[in-house]
Amino acid sequence: TLLDLGAGDGVLTALLSSGFQTVFAVEKEDRFIRSLELIPGIQVISSRMESVTEFPFFDIALLSYSYDGIPTSDKPSFLQRLFKSRKDDGAILLV
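Residue positions are given per chain, counted from 1 along the sequence in the order it is written. Reporting of local features is limited, given that this is a predicted model, to residues whose pLDDT is at least 70; pairs of side-chain atoms are given and counted only at 80 or more, and all residues count toward the totals for whole chains, interfaces and linings. Calculated side-chain values reflect all of the structure's heavy atoms, with hydrogen atoms and water omitted.

Trainee: Explanation requested: the pattern of salt bridges in the structure shown.
Mentor: Charged atoms that come close allow side chains of opposite charge to pair. Only one rule defines a salt bridge in this text: a Lys or Arg side-chain nitrogen within 4 Å of an Asp or Glu carboxyl oxygen. Summed over all chains, the structure comprises 2 salt bridges. When the shortest N-O distance is used, the salt bridge between R48 and E50 registers 2.6 Å. Relative accessible area serves as the criterion here: at 33%, R48 is assigned to the partly exposed category. Taking relative accessible area as the criterion, E50 reaches 11% and is therefore assigned buried. For D59, the salt bridge goes to K87, with nearest N and O atoms at 3.5 Å. Of this pair, D59 sits in strand β4 (residues 58-63) while K87 sits in strand β5 (residues 86-94), and the two are 28 residues apart along the sequence. Judged by its relative accessible area of 24%, D59 falls in the partly exposed class. The exposure class of K87 is partly exposed, given its relative accessible area of 30%. For each residue, the accessible area found with a 1.4 Å probe, counting protein chains only, is set against the maximum for its type, and the residue is called buried under 20%, exposed over 50%, and partly exposed in between. Only DSSP runs of H or I covering at least 4 residues are called helices, and only runs of E covering at least 2 are called strands; the numbering of each starts at the N terminus.

Spelled out as structure tokens, the structure:
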């Protein structure tokens, strides 16, 4: 399972999606959500990533240029929730 946080227009999500059975894309911007919804097999979560209370369990979480957009005060609880949803051999990639 891939969890793309701050997926933007979905270009990277689409490129990576073939390598995963399940793909979740979290995005707050309506203009990007419309693009993400056009990608077959992608489950879109329309929300600010720091507002998601429970993430789906994942193998890889990708934050490509999106982590800096989280308010500093929200980062500790966000990371705590994210690590809680990571599968035992999962990884979190901050790019």
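And the narrative resumes.
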